[in-house]
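The lines below spell out each chain.
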Amino acid sequence: MGATATTAPSAASPLLTERELSKLHWRCRRGLLENDLFIEQFFTRFEPELNQRHAQGLAALMDLADNDLLDLLLCRKEPSETLDAPEVHEVLGMLRESGGTPVLGT
C-alpha cells in the first residue's frame, strides 16, 4: 500500500510551504462530517509530501458540493468533464486510500 499514488507524475512539482498548507487546510473545511473524515485522514497521511500538483487537484475537488464530493470519495461516481484531469485522479486516489475506500481500476 504506501505512496504509490504519489510517485512519478508529481515528483517534479514543488512541495507546499507551511503557509500554502495552512491555506489548503482552510480551503478543505467541509459541512459534511463524512467528507471531513476523509480529508482529515488525507492530511494526516500525506501532508509532508503534498505539492503544488496535489493542491491543484484538491482545490478542484473542493469546488464540488458536499454530496458530489462524497459520491466521488465512496466510488459511487468517477470524475468527469472538467474534473477529469490527472491531478484530480491522483488526489482522489490518495483521499480514497487514506479514507479506507478501495481504489477501483487504478
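Residues numbered from 1 in each chain as written. Predicted model: local features only at pLDDT ≥ 70, side-chain atom pairs only at ≥ 80, totals over all residues. Heavy atoms only, no water.

Peer 1: Explain the pattern of salt bridges to me, using residue names and the numbers behind them.
Peer 2: A full pass over the atoms with the stated rule returns seven salt bridges. The shortest N-O distance in the salt bridge between Asp71 and Lys77 comes to 3.7 Å. The class of Lys77 is partly exposed, set by a relative accessible area of 43%. Measuring nitrogen to oxygen at the nearest pair gives 3.1 Å for the salt bridge that ties Arg96 to Glu78. One end of the pair, Arg96, is in helix H5 (residues 86–99); the other, Glu78, is in the loop between helix H4 (66–73) and H5, and 18 residues separate them in sequence. One salt-bridge network, held together by shared partners, links Asp71, Arg76 and Lys77. (Salt bridge = Lys/Arg side-chain N within 4 Å of Asp/Glu carboxyl O. Buried < 20%, exposed > 50% of the residue type's maximum accessible area, 1.4 Å probe, protein only. Helix = DSSP H or I, 4+ residues; strand = E, 2+ residues; numbered from the N terminus.)

Peer 1: Could you give an account of the packing of aromatic side chains, with specific residues and numbers?
Peer 2: The geometry of an aromatic ring pair comes down to the distance between the two centres and the angle between the two planes. Applying the stated criterion across every chain yields a total of two aromatic pairs. Ring geometry for Phe42 against Phe43: centres 5.4 Å apart, planes inclined by 75°, an arrangement best described as edge-to-face. Among the residues examined, Phe43 registers a relative accessible area of 6% and is labelled buried. Pairing Phe42 with Phe46 gives two aromatic rings, centres 5.7 Å apart and planes at 45°, and the pair type is tilted. Of this pair, Phe42 and Phe46 are both found in helix H2 (residues 33–46), four residues apart, which corresponds to roughly one turn of the helix. (Phe/Tyr/Trp six-rings, centres within 6.5 Å; stacked < 30°, edge-to-face > 60°.)

Interpretation in functional terms is not warranted from these geometric data alone.
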